[in-house]
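Survey of secondary and tertiary structure
Letter by letter, the chains look like this.
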Amino acid sequence: MAGTQKSFGKEVRRPVWAEVSLGALTHNLEAIRRYVNPPQEKRKSPRKILSIVKGNGYGHGGPEVAKALEKAGSDWFGVTCTDEGIAVRRNGVRKPILVLTSFVPGEESRLVEHDLTAVIHRCEQLEFLNRAGGRRGGKKRVPFHLKIDTGMNRLGIASSDVECFARQLGKCKHLQLTGIFSHFASSEVFTDTAVGQQTREQEQRFYTALEHLRALGIDPGVVHLANSAAIVTRPETWADMVRPGVILYGYHPGYDPAEKREEAEKRLPLKPVMSLRSRIISLRSVPAGAGVGYNATFVAKRPSRIAVLAAGYGDGIHRSLGNRGSMLLRGKLVPIVGIISMDVTMIDVTDVERAEIGDVATVYGTDGTEILPANRVARGVGTVTSDLLCAVSQRVPRLYVR
């Protein structure tokens, strides 16, 4: 890819960028839609898709990918907070937006103003949201979703609080429950252990709470339970809404065995959407025995050619990739050497013929016909894919391509 400078307008900029393929993004959405709506089921209404675009769209650009996904037919969008939801709205997205970690007191009026759907995970939040709905006026009630804590012990009302919730909701004439959900803690774990059995136990608790609500005369609205990992690895957990997000799934320390993970990926092959790239800005010959970078953690075992890239951990190249990871250069994998600095990274290009200043290195993503998937890079350093993608900082421009 030498000499193929990507254009960001007329300005010449520091040569690091994230290339986001909107074509791959929409391909993945359609693949997931087909996967969760198999034709043999002959459903009267297809399962809906809630695309998670929180964390700046897992580094891809939340407002931008939300707009592209809406055009491609996504039914809902998920963000983490009111500000993220407003940013997506201001980019022209009209479909429902679910604020997954809810709101803090004082935010509820902005949430209602921008037609965002709150998640209620504590009963006392109902009163704040109801007041905001009353101040807005009109006959239309404010929609919200209820989160049930089924065993993750993070957010959500306990199943034992369902009756308390129902009593509080009965006092809120400006609110309407339009959905209910929970979150699996270990949907990727297949081991025959307590953790491996947790998904089934959580599912049972969830449906018990759901039936309790219905017995109290409350319509739960849309029921959603399965996130990306669950739809691929445990299709029996599908409910009426699934949440594919932008990535398939990440690494879990208890995820076992490896062939299960590979089998799942074959069932739902998705295309890489984001490629993180940078250019070589310096090349030098290093003799055998010479150290490279901070603390000389890499020492050349042979006469080597070391290239310096104009990107470091301040841009989103995970620091733990130093002396462990690889990148694509001219279609070949080359090792990352030395400690990754904030602004630069070194790679060993000794075995790449004609490597030169200006060549493009791909940290993860596609390089011609070669692919270095972000999830593989993440697993190699014991982290999750979303950690890797969300690390791409704001100073890295996103280039949206078809």
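Residues numbered from 1 in each chain as written. Predicted model: local features only at pLDDT ≥ 70, side-chain atom pairs only at ≥ 80, totals over all residues. Heavy atoms only, no water.

**Regarding the pairing of strand β16 (residues 332–337)**
When a strand is regular, its side chains alternate between the sheet's two faces. The sheet contact formed by strand β15 (residues 326–329) and β16 spans four bridges and is antiparallel. If you follow Leu328 over to β16, its bridge partner there is Leu333. The antiparallel hairpin formed by β15 and β16 contains two residues in its connecting segment, where Arg330 sits at a positive phi of about 50°. In terms of strand pairing, β16 meets strand β17 (residues 345–348) through two bridges, oriented antiparallel. In the strand pairing of β17, Val337 is matched with Met346. (Pairing = 2+ DSSP bridges. Helix = DSSP H or I, 4+ residues; strand = E, 2+ residues; numbered from the N terminus.)

**Notes on the nonpolar core**
Leu129, Phe144, Phe165, Met327, Leu329, Ile347 and Tyr364 are the most contacted members of the largest nonpolar core, which has 89 residues in total. Top element by residues in this core is helix α1 (residues 22–36). It accounts for eight residues. Once you skip the residues sitting within four places of it in the chain, Tyr364 turns out to touch Met274, Ser275, Leu276, Leu372, Ala374, Val377, Leu388, Leu389 and Val392. (Core = buried A, V, L, I, M, F, W, Y, C linked by side-chain atoms within 4.5 Å. Buried < 20%, exposed > 50% of the residue type's maximum accessible area, 1.4 Å probe, protein only. Contact = heavy atoms within 4.5 Å.)

**Considerations on empty space enclosed by the protein**
What the rule picks out here adds up to three cavities of 30 Å³ or more. Of the pockets and cavities examined, the second largest cavity occupies roughly 40 Å³. Ranked by residues supplied to the lining of the second largest cavity, first place goes to strand β6 (residues 142–149) with three residues. In the lining of the second largest cavity, the residues fall into three nonpolar, four polar and three charged. (1 Å grid on protein atoms, 1.4 Å probe; cavity = no way out; pocket = protein on both sides within 12 Å on 5 of 7 lines; lining within 4 Å. Points joined across faces, edges and corners; volume = space filled by probe spheres on them. Nonpolar A, V, L, I, M, F, W, Y, C, P; charged D, E, K, R; others polar.)

**Section: the environment of Glu108**
Considering the arrangement of structural elements, one finds Glu108 in helix α5 (residues 108–113). Relative accessible area serves as the criterion here: at 7%, Glu108 is assigned to the buried category. Considered as a pair, Glu108 and Ala132 are 24 residues apart in the sequence and their alpha carbons are 6.1 Å apart. In terms of polar contacts, Glu108 uses its side chain to reach the backbone amide nitrogen of Gly106, at 2.8 Å. (Polar contact = N/O pair within 3.5 Å; in protein donor to acceptor, adjacent residues only side chain to side chain.)

**Side note on helix α7 (residues 162–170)**
All of the buried residues in α7 are Val162, Phe165, Ala166 and Leu169. Seen from one end, α7 has its buried residues packed into an arc of 100°, which puts them on one side. Buried residues along α7 sit against α6 (125–136), β6, β7 (157–158), β8 (175–181) and α8 (198–215). (Arc of directions from axis to C-beta.)

**Some words on the pattern of salt bridges**
By the definition in use, this model includes 18 salt bridges. The partner of Glu201 in a salt bridge is Arg205, with the nearest N and O atoms 4.0 Å apart. In this pair, Glu201 and Arg205 are both assigned in helix α8, four residues apart and thus about one turn of the helix distant. Asp343 is the salt-bridge partner of Arg395, the closest N and O atoms lying 2.7 Å from each other. Placement of the pair is Arg395 in the loop between α12 (385–390) and β20 (398–401) and Asp343 in the loop between β16 and β17, with a sequence separation of 52 residues. Arg395 sits in the partly exposed class, given a relative accessible area of 41%. Among the charged side chains, a network of salt bridges with common partners joins Arg14, Asp315, Asp343 and Arg395. (Salt bridge = Lys/Arg side-chain N within 4 Å of Asp/Glu carboxyl O.)

**Re the packing of α7 against α8**
As a packed pair, α7 and α8 sit with axes 10 Å apart at the nearest point and diverge in direction by 40°. Here α8 runs oblique to α7, going by the angle between their axes. The handedness of the crossing between α7 and α8 is right-handed. Only Ala209, His212 and Leu213 of α8 make contact with α7, whose side of the interface consists of Val162, Glu163 and Phe165. Within the contact of α7 with α8, the residues separate by chemical class into four nonpolar, one polar and one charged. (Axes fitted to C-alpha atoms, helices over the stretch in contact; angles between N-to-C directions. Parallel < 35°, antiparallel > 145°, perpendicular 65-115°, else oblique. Left-handed = near helix turned anticlockwise from the far one by under 90°.)

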